[in-house]
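Next come the chains, spelled out residue by residue.
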Amino acid sequence: MSFDLRGQRILVTGAAGGIGGAAAQVLAGLGAHVVATDRTSCAGLAETIAATGGTAETISLDLDGKDKAAELADRAGDLDGAVLGAGIYRAIDWDDDGWDEAAAATLAVNLMMPMRLARAIAPGMAARGHGRMVLVGSIVATTGGSFPGVGPHYAASKGGLHTLVRWLAARHGPQGVLVNGVAPGITDTAMVGVHDLSGALARHPLGRAARPEEIAWPIAFLCSPAASFVSGAILDVNGGAMMRA
């Protein structure tokens, strides 16, 4: 029963693929009703979930402005949980032309957007005295960069996200809202798949990238009753690529 999510309504952003898509499927498999959103259609995901006996609804929305978080919160309705997984990765050096634009976009999507979403979603959870939020960070928040092309804009966006987890947990924990994060290592998704990761993976203790579902299951744990005393934590899911003292 500790992992049973029946009766839970959980929002997943960035659900069209990668970690977000895998998380939506795992959460639905545990009984949650998933509200899947992305800037591209999640219709295929909803069909896959329905085919395996789960339930999901979809919202297509590009979270590209400060008013979009409030719109998504309104359209999603009352939520028991939220997995804020939407993000972008722009591999560009800060000496290159276009870096300022890439950095601004990265910080807007990876940090400001989940901050605005949390601000829009948390009050409803707090009013009901229960909620779970899981933010998808990264190993680079600690290492500064573990694979080719990681610039300061991406590392800083994920470092800020980890700090946001702790701030939200301190603010909303007393109201029954538990906020945590996961910090994946290199994961086999389309976002990083276009880059040559052979050098980084050759040094990896497990010798491979994570599969998206290997990040999704820890996310589901943090959404579940089994994590009822976990708050303000960043769960490292990196296969030993970075080990804390």
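Summarised in this report is the structure supplied together with it. Just so we're clear, the structure is a prediction, and the values are computed from it rather than from any experiment. (Residues numbered from 1 in each chain as written. Predicted model: local features only at pLDDT ≥ 70, side-chain atom pairs only at ≥ 80, totals over all residues. Heavy atoms only, no water.)

1. Thoughts on the overall build of the protein
Thought 1: Scanning the protein from N- to C-terminus turns up 9 helices and 7 strands.
Thought 2: The globule rule puts the C-alpha radius of gyration for 245 residues at 18 Å, and the 17 Å found for the protein is close to it.
Thought 3: Seen along its three principal axes, the alpha-carbon backbone of the protein occupies a region of about 45 × 40 × 35 Å.
Thought 4: Counting all 245 residues of the protein, 47% fall into the buried class.
Thought 5: Here the analysis covers contacts within the protein between residues at least 6 apart in sequence; of these, 70% occur between residues at least 24 apart.
Thought 6: Total accessible area on the protein is roughly 11,100 Å²; 54% of this is exposed by carbon and sulfur atoms.
Thought 7: Counting 18 positive and 22 negative side-chain charges, the protein places the averaged centre of each group 8 Å from the other. (Helix = DSSP H or I, 4+ residues; strand = E, 2+ residues; numbered from the N terminus. Rg over C-alpha atoms; globule rule 2.2 N^0.38 Å. Buried < 20%, exposed > 50% of the residue type's maximum accessible area, 1.4 Å probe, protein only. Contact = heavy atoms within 4.5 Å. Areas by Shrake-Rupley, 256 points an atom, 1.4 Å probe, with all protein chains shown as cover. Lys, Arg positive; Asp, Glu negative; His and termini not counted. Charge placed at Lys NZ, Arg CZ, Asp CG, Glu CD.)

2. As for the side chain of Thr13
Thought 1: By the element assignment, Thr13 lies in strand E1 (residues 9–13).
Thought 2: From its side chain, Thr13 meets the backbone nitrogen of Ala86 in a polar contact 3.1 Å long.
Thought 3: Not counting chain neighbours up to four residues away, the residues in contact with Thr13 comprise Gly20, Thr37, Leu72, Val83, Leu84, Gly85, Ala86 and Leu117. (Polar contact = N/O pair within 3.5 Å; in protein donor to acceptor, adjacent residues only side chain to side chain.)

3. Looking at a negative patch on the surface
Thought 1: A contiguous patch of negative charge on the surface is contributed by Asp93, Asp95, Asp96 and Asp97.
Thought 2: Along the chain, Asp95 falls in the loop between strand E4 (81–84) and helix H4 (99–128). (Patch = residues over 30% accessible without salt bridge, like charges linked within 9 Å, V, L, I, M, F, W, Y side chains within 5 Å. Salt bridge = Lys/Arg side-chain N within 4 Å of Asp/Glu carboxyl O.)

4. Focus: the packing of aromatic side chains
Thought 1: Here the structure, examined in full by the defined rule, presents 3 aromatic pairs.
Thought 2: Here Tyr89 and Tyr154 contribute two aromatic rings whose centre-to-centre distance is 5.0 Å and whose plane-to-plane angle is 80°, an arrangement assigned as edge-to-face. Here Tyr154 lies in helix H6 (residues 152–172) and Tyr89 lies in the loop between E4 and H4, a separation of 65 residues in the sequence. Each member of the pair Tyr89 and Tyr154 is classed as buried.
Thought 3: Between the aromatic rings of Trp94 and Trp99, the centroid separation amounts to 6.2 Å while the plane-to-plane angle is 85°, which identifies the pairing as edge-to-face. (Phe/Tyr/Trp six-rings, centres within 6.5 Å; stacked < 30°, edge-to-face > 60°.)

5. Describing the environment of Met112
Thought 1: Take Met112: it is sitting in helix H4.
Thought 2: For Met112, a relative accessible area of 33% puts it in the partly exposed group.

6. Description of the nonpolar core
Thought 1: Judged by nonpolar contacts, the single largest core of 31 residues is most densely connected at Leu11, Leu117, Ile121, Met133, Leu135 and Val179.
Thought 2: Every element with two or more residues in this core is listed here: helix H3 (68–76), E4, H4, strand E5 (131–136), H6 and strand E6 (177–184).
Thought 3: In terms of residue count, H4 provides more of this core than any other element does, 8 residues in total.
Thought 4: Not counting residues within four places of it along the chain, the set of residues in contact with Val179 comprises Met133, Leu135, Val165, Leu168, Ala169, Ser231, Gly232 and Ala233.
Thought 5: Judged by nonpolar contacts, the second largest core, of 30 residues, contains Ala32, Cys42, Val134 and Val182. (Core = buried A, V, L, I, M, F, W, Y, C linked by side-chain atoms within 4.5 Å.)

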